[in-house]
Amino acid sequence: MMWLTLWSEGFMQRALLATVLSGVTCSLIGVLIVTMRLSFIGVCISHAAFAGAILGLYLGVPPLGSSLVTSLLAAGLLGPLADRGNLSPDTAIGVMFSASLALAFLLLALLPGPKSEALVWLWGNVLTVSRESLWLLAATASAIALLVVLFFKELQAVIFHRDLAAASGLPATAIFYGVLICSGVAITASLSAIGGLLVFSMVVNPAATAYQLTYRLSWMFLLSTLFAILTGWVGLALSALFNLPSGAMVVLVSTTMLLTAITFSPKRRAGTGGIR
Amino acid sequence: MKQTACELRQVWVSYGKTPALRGVSLQVAQGELLGLFGHNGAGKSTLLRAVLGLVPVQSGEVLVDGVPVQKRDLPRLRQRIGYVPQMLRVDAGTPVSVRDVVMMGQYAQIGWGRLPSQGHKQRADRALEAMGVTHLADKPFGHLSGGEQQRVLLACALAQSPRLLLMDEPTSSVDWQFVRELAGLIREVHEANHLTTIVVSHDAPFLARLCDRVVLMEGGEILGDLPASSLLKRVEQESG
Ligand SMILES: Nc1ncnc2c1ncn2[C@@H]1O[C@H](COP(=O)(O)OP(=O)(O)OP(=O)(O)O)[C@@H](O)[C@H]1O
Ligand SMILES: [Mg+2]
């Protein structure tokens, strides 16, 4: 069958590995972003990362490095905004979001020669992910998984209530910024596989799906990862079978899964869930 | 004379430009059960948060056990302060159970990368039982009523085995029956654990029944001390 022979091709295995690794990385971070209500920061970080990559190409420095710098910069700028609960950060985020996209498109236009390399950062391409990118993804995925396990209870306390966590003696602010930094790193590492436009849905969709289905944080991490792997696999297979862009397929599959989960969510039926 | 467990010296705190505490000085003796009484916006919550170092103190000093609190001591200090906040807004869907919440108070003491021991779990169980919420242990915290949430947060503070217990409006959403019970309960916990306790409340009869001493706050200042018995009289005079 085509479904089976498909995976025996070397490039498909590599693509699957890239999808799964970026899926795991993004979905773990996604649980933190969704439960800590940082979605808007996630959006900004992904677009800043994308702009950074284009900037790197323009300046002739490694795009991965420059994208890491800009995504961390975005995290560092937005963190204090989210910190101050009384100030609505909407405007600042809207401005930053569109400014980074505008900058990226400007630089894109200024880039000499063919734009195919630059466009990879926009759309991503799991079929052309380099060996180094795979290693980076593997390292990032393991590091984040390890951090989640090591700091599970601290993360849970901060997710529950930052102020209460701080009052009990936990370094809640440091943990909060740690999460932001990890988000920047995770998004940057996934950028070449998924692309700046789609990476955010890889972060949020699996976690939001898991959020609909469980009241336990540990399950949420597990389900989110599982969903990311599953949608990566299905999306990739569909894209190969019908010759469609892989990133778009993965995102559409995970969106379908999220909508299904919302429809059948026990939380929504209990009147306590709903998308956030 | 008894040692002071907690002291504020001319403490100023402001949010933006408006001061919330205007040179507050207060001594709380070791083992004292102190009530803080005052109108909305008097600065009661801010005072508790200043003791915890959760709001920046602009001038003045906060001392715990006679030692001025330094920023780097805060994490260790907070581990031994039980804090029951006034109000928590938590999403109903938040993936955190009641038992998780009660364990949380101890996480800083346990340290990162370590699992809670049997002892930590037992302490949480005892606190759940003392607050009468054992039957809720496996529910998501977000599904509880306001009063149930308050009991759970109190259980969380108790499980921490604090020396100093700070409670912000513990009666604000518990039913009248539990208010009576709560006064007894806080007394019991306070005495059994040799605590120093500060209770903020609008509920004058509750404070009168519970506290050794009640302090009146108004406009960010401490107006004065009242023995608990004269508090009721004062409230009666005011209301009519
Ligand atoms: N985060 C904040 N930002 C700005 N102003 C604040 C903040 N928290 C409190 N205030 C202000 O500080 C003053 C004291 O507030 P505080 O919460 O300490 O009062 P309180 O005595 O606890 O009142 P209540 O009985 O309503 O709980 C109030 O005028 C309030 O408006
Ligand atoms: Mg208050």
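Residues numbered from 1 in each chain as written. Chains lettered and ligands numbered in written order. Predicted model: local features only at pLDDT ≥ 70, side-chain atom pairs only at ≥ 80, totals over all residues. Heavy atoms only, no water.

## A short note on the overall build of chain A
So, step 1. From N to C terminus, chain A includes 14 helices and zero strands.
So, step 2. Put simply, chain A runs from its N terminus to its C terminus through helices and strands in the order α-α-α-α-α-α-α-α-α-α-α-α-α-α.
So, step 3. Relative to the 2.2 N^0.38 estimate, which gives 19 Å for 276 residues, the radius of gyration of chain A is 18 Å and therefore close to what a compact globule would have.
So, step 4. When its C-alpha atoms are laid out on the principal axes, chain A stretches across 55 × 45 × 30 Å.
So, step 5. Looking at the 276 residues of chain A, the share that counts as buried comes to 54%.
So, step 6. Sequence-distant contacts, at least 24 apart, represent 75% of the contacts inside chain A between residues at least 6 apart.
So, step 7. A total accessible area of about 11,800 Å² is found for chain A, and carbon and sulfur atoms account for 74% of it.
So, step 8. When the 12 positive and 7 negative side-chain charges of chain A are each reduced to one mean point, those points stand 10 Å apart. (Helix = DSSP H or I, 4+ residues; strand = E, 2+ residues; numbered from the N terminus. Rg over C-alpha atoms; globule rule 2.2 N^0.38 Å. Buried < 20%, exposed > 50% of the residue type's maximum accessible area, 1.4 Å probe, protein only. Contact = heavy atoms within 4.5 Å. Areas by Shrake-Rupley, 256 points an atom, 1.4 Å probe, with all protein chains shown as cover. Lys, Arg positive; Asp, Glu negative; His and termini not counted. Charge placed at Lys NZ, Arg CZ, Asp CG, Glu CD.)

## Regarding the packing of helix 6 (residues 116-123) of chain A against helix 10 (residues 172-194) of chain A
Residues and elements named next belong to chain A.
So, step 1. Closest axis-to-axis distance for the helix 6/helix 10 pair is 6 Å, and the angle between their directions is 115°. Between helix 6 and helix 10 lies a crossing of right-handed hand. Residues Val120, Trp121 and Trp123 of helix 6 form the contact with helix 10, whose own contacting residues are Leu191, Ser192 and Ile194.
So, step 2. Looking at the contact of helix 6 with helix 10 residue by residue, the classes come out as five nonpolar, one polar and no charged. (Axes fitted to C-alpha atoms, helices over the stretch in contact; angles between N-to-C directions. Left-handed = near helix turned anticlockwise from the far one by under 90°. Nonpolar A, V, L, I, M, F, W, Y, C, P; charged D, E, K, R; others polar.)

## So, the domain arrangement of chain B
Residues and elements named next belong to chain B.
So, step 1. Here the domain parsing of chain B yields domain 1 (1-80 + 163-240) and domain 2 (88-161).
So, step 2. Between domain 1 and domain 2, the C-alpha centre-to-centre distance is 23 Å.
So, step 3. Contacts between domain 1 and domain 2 engage 17 residues on the former and 13 residues on the latter.
So, step 4. Contact with domain 2 buries area across many residues of domain 1, yet Gln79, Arg80 and Phe178 alone supply 39% of it, more than any other trio.
So, step 5. Summed over the shared surface of domain 1 and domain 2, the number is zero salt bridges.
So, step 6. Summed over the shared surface of domain 1 and domain 2, the number is seven residue pairs in polar contact (both at pLDDT 80 or more). (Domains from an automatic or database assignment. Buried area = accessible area lost by both parts, 1.4 Å probe. Salt bridge = Lys/Arg side-chain N within 4 Å of Asp/Glu carboxyl O. Polar contact = N/O pair within 3.5 Å; in protein donor to acceptor, adjacent residues only side chain to side chain.)

## Points about the side chain of threonine 4 of chain B
All names here are of chain B.
So, step 1. Structurally, threonine 4 can be placed in strand 1 (residues 4-15).
So, step 2. On the accessibility criterion, threonine 4 (17% relative accessible area) is buried.
So, step 3. Apart from residues lying up to four places away in sequence, threonine 4 is in contact with Gln27, Val28, Ala29, Gln30, Asp65 and Gly66.

## Re the environment of cysteine 182 of chain A
So, step 1. With respect to the element layout, cysteine 182 of chain A can be found in helix 10.
So, step 2. In this view, cysteine 182 of chain A contacts Ile29, Ile144 and Leu147 of chain A; residues no more than four positions away in its chain are not counted.

## Things to note about the coordination of the magnesium ion (ligand 2)
Residue and element names in this part refer to chain B.
So, step 1. Each protein donor to the magnesium ion (ligand 2) is listed here as Ser45 (OG) and Gln86 (OE1); together their distances run 1.9 to 2.4 Å. Here the residue serine 45 occupies a position in helix 1 (residues 44-52), and glutamine 86 occupies one in the loop between strand 6 (81-84) and helix 3 (98-104), the gap between them amounting to 41 residues.
So, step 2. Judged by its relative accessible area of 36%, glutamine 86 is partly exposed. (Donors = N, O, S within 2.8 Å, 3.2 Å for Na, K, Ca; no water.)

## Notes on the sheet that holds strand 4 (residues 59-64) of chain B
All names here are of chain B.
So, step 1. What the four strands build is an open sheet, ordered 2-1-4-5; its pairing is antiparallel. Two strands lie at the open edges of the sheet, namely strand 2 (18-29) and strand 5 (67-68), each paired on one side alone.
So, step 2. Relative to strand 2, strand 1 runs antiparallel, the two being bridged by nine bridges. Of the residues in strand 2, the one forming a bridge with threonine 4 is alanine 29. (Pairing = 2+ DSSP bridges.)

## Things to note about the interface of chain B and chain A
So, step 1. Every contact between the two is made by 33 residues of chain B and, on the other side, 25 residues of chain A.
So, step 2. Of all residues in chain B, Pro95, Tyr107 and Trp112 of chain B bury the most surface against chain A, accounting for 25% of the area lost on that side.
So, step 3. In this assembly, chain B and chain A are joined by two salt bridges.
So, step 4. At the surface where chain B touches chain A, the tally comes to 10 residue pairs in polar contact (both at pLDDT 80 or more).
So, step 5. Elements represented by at least two residues in the side of chain B that touches chain A include exactly helix 1, helix 2 (74-79), strand 6, helix 3 and helix 4 (107-110) of chain B.
So, step 6. Within the side of chain B that touches chain A, the residues separate by chemical class into 20 nonpolar, eight polar and five charged.

## Considerations on the site of ligand 1
All names here are of chain B.
So, step 1. Near ligand 1, the surroundings consist of 13 residues, among which Asn40, Lys44, Ser45, Thr46 and Gln86 are the closest.
So, step 2. Glycine 41 places a main-chain nitrogen or oxygen 2.8 Å from an oxygen atom of ligand 1.
So, step 3. The separation between an oxygen atom of ligand 1 and a polar side-chain atom of threonine 46 is 2.5 Å.
So, step 4. Relative to its unbound accessible area of 630 Å², ligand 1 is 60% covered by the protein chains. (Near = heavy atom within 4 Å.)

## Re the nonpolar core
So, step 1. Of all hydrophobic cores here, the largest spans 171 residues; its most connected members are Phe160 of chain A together with Leu8, Leu47, Leu166 and Phe206 of chain B.
So, step 2. Residue contributions to this core peak at 14 residues, all from helix 2 (residues 10-35) of chain A.
So, step 3. Formed jointly, this core draws a minimum of three residues from each of two domains, domain 1 (1-80 + 163-240) and domain 2 (88-161) of chain B.
So, step 4. The residues touching leucine 8 of chain B, leaving out its near neighbours within four places in the chain, are Val24, Ser25, Leu26, Leu47, Val51, Glu61 and Val62 of chain B. (Core = buried A, V, L, I, M, F, W, Y, C linked by side-chain atoms within 4.5 Å.)

## Quick word on helix 1 of chain B
Residue and element names in this part refer to chain B.
So, step 1. In terms of residue burial, helix 1 counts as a mostly covered element, since eight of its nine residues are buried.
So, step 2. Turning to helix 1, its buried residues number three or more, namely Lys44, Thr46, Leu47, Leu48, Arg49, Ala50, Val51 and Leu52.
So, step 3. Residue glycine 53 follows helix 1 closely and has a positive phi angle near 75°.

## Considering helix 11 (residues 199-213) of chain A
The α-helix winds at 3.6 residues per turn, so residues separated by three or four positions along the chain end up facing the same way.
So, step 1. Over its 15 residues, helix 11 of chain A extends 23 Å from the first C-alpha to the last, a length consistent with the 21 Å expected when each residue adds 1.5 Å.
So, step 2. Among the 15 residues of helix 11 of chain A, 14 are classified as buried, and the element is accordingly described as predominantly covered. (Expected span 1.5 Å × (residues − 1).)

## Some words on the pairing of strand 7 (residues 164-168) of chain B
Regular strands place their side chains on alternate faces of the sheet.
Residues and elements named next belong to chain B.
So, step 1. Summarising burial for strand 7: five of the five residues are buried, a large majority.
So, step 2. Neither face of strand 7 is left uncovered, since the one carrying Leu164, Leu166 and Asp168 and the one carrying Leu165 and Met167 both have all their residues buried.
So, step 3. Here strand 7 runs beside strand 8 (residues 196-200); their pairing, made up of five bridges, is parallel. For leucine 166, the partnering residue across the bridge sits in strand 8 and is isoleucine 198.
So, step 4. Between the parallel elements strand 7 and strand 8, the chain passes through helix 7 (residues 176-192) in a crossover that is right-handed. (Right-handed = clockwise from strand over helix to strand, strands pointing away.)

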